[in-house]
Amino acid sequence: MQDNLGFLRQVQARQGIQMYAGGLLGCRGDAYTGEGALGLEEAREFHRWEGQLFAEAGADFLYAALLPTLEEAAGMALALSEFGIPYPLSFTVNRDGCLVDGTEISRAISHIDSLVDSPPPLAL
C-alpha cells in the first residue's frame, strides 16, 4: 500500500493537481448475497488491520463499498472511525430499499450513526 499511495503522490506532485488517494475496503463474504458476512465484533477486528495499513500509508480517505449486512457495516464503521480520516460507507441495496440482510436502509444509517461516536461516516 505504501508503494501504491507513493506512486499516486508522485503523480499528484508531477501534475500539480488536487487529488485524493483513498483505500478501498469491502466485505469479507459475498457482497451480493451476504453469505460469509461477519458479525459486528468480527468485522471490527477483521477490517481494523486493513484500515490501519491504509492510514499508515497516508490515505486521504477510506472507502467501504458493497456492504450487504448491517452487522458487518457497523463493525467496519467502528473500525474505520479509529483512524480519524474520512470514511464513506456504501451498502449493497436491493430493489426494495433494504440491505441484502433485509435491513431497511434508513434503519441501517440510524443504527450506525448511533454506534459510532467520532468521527461518524462521511456519507452512507
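Scroll up a little and you will see the structure.
Student: Tell me what's going on with the side chain of Glu72, and back it up with residues and numbers.
Tutor: Following the sequence through the fold, Glu72 ends up in helix H3 (residues 70-80). Despite its burial, Glu72 remains without a salt bridge, the nearest opposite charge being carried by Arg28 at 7.1 Å. Of note is the side chain of Glu72, whose polar atom sits 2.8 Å from the side chain of His47. Beyond its immediate chain neighbours, meaning those up to four positions away, Glu72 contacts Cys27, Arg28, Gly29, Ala37, Leu38, Ala43 and His47.

Student: So, helix H2 (residues 40-57): which residues are in play, and what are the values?
Tutor: For H2, spanning 18 residues, the distance from its first C-alpha to its last is 26 Å, which sits close to the expected 26 Å at 1.5 Å a residue. Of all the bends in H2, the largest measures some 30° and sits at Arg48. Turning to H2, its buried residues number three or more, namely Leu40, Ala43, His47, Glu50, Gly51, Phe54 and Ala57. Tucked into the core, H2 has its buried residues touching helix H1 (2-15), strand E1 (22-26), strand E2 (61-67), H3 and helix H4 (105-115). Of the residues flanking the end of H2, it is Gly58, one or two places downstream, whose phi is positive at about 95°.

Student: Give me the lowdown on the sheet that holds strand E3 (residues 89-91), citing residues and values where you can.
Tutor: Ordered in space as E1-E2-E3, the three strands form an open sheet in which the pairing is parallel. Only two strands of the sheet have a single partner each, and these edge strands are E1 and E3. Taking each pair of neighbouring strands and ignoring which way they run, the sheet shows an average axis angle of 15°. Two strands pair when backbone bridges link them, and E2 and E3 are joined in this way by two bridges, in the parallel orientation. Each residue of the ladder has a partner; that of Ala64, found in E3, is Leu89. Strands in contact with H2 are E1 and E2; relative to E1, the strand with the most contacts, it is inclined by about 170°. Each of E1, E2 and E3 touches H3; the most contacted strand, E2, lies at about 175° to it.

About the cut-offs
In this convention, every chain numbers its residues from 1, walking through the sequence in written order. Local features in a predicted model are, by the rule used here, given only for residues with pLDDT of at least 70; side-chain atom pairs are given and counted only at 80 or more, and totals for whole chains, interfaces and linings are based on all residues. Hydrogens and waters are ignored; side-chain quantities use all the structure's heavy atoms. What counts as a helix is a DSSP run of H or I of at least four residues, what counts as a strand is a run of E of at least two, and both are numbered from the N terminus. Think of it in three bands: residues with accessible area under 20% of the maximum for their type are buried, residues over 50% are exposed, and the middle band is partly exposed, with areas taken using a 1.4 Å probe on protein chains only. Within this scheme the basic residues Lys and Arg register as positive and the acidic residues Asp and Glu register as negative, but His and the chain ends are omitted. The salt bridge criterion pairs a side-chain nitrogen of Lys or Arg with a carboxyl oxygen of Asp or Glu, the two atoms within 4 Å. N or O atoms closer than or at 3.5 Å make up a polar contact, with two conditions inside protein: a donor-capable atom paired with an acceptor-capable one, and, for residues adjacent in sequence, both atoms drawn from side chains. Any two residues whose heavy atoms approach within 4.5 Å at even a single point are treated as in contact. In this analysis, the expected span of each helix is defined as 1.5 Å times one less than the number of residues it contains. The angle separating two fitted axes, one through the seven residues that finish at a residue and one through the seven that start at it, defines the bend at that residue. The pairing criterion for strands is at least two bridges between them, as found by DSSP. Axes, fitted as lines to C-alpha atoms, cover a helix only where it is in contact. Angles between the N-to-C directions of the axes lie from 0 to 180 degrees.

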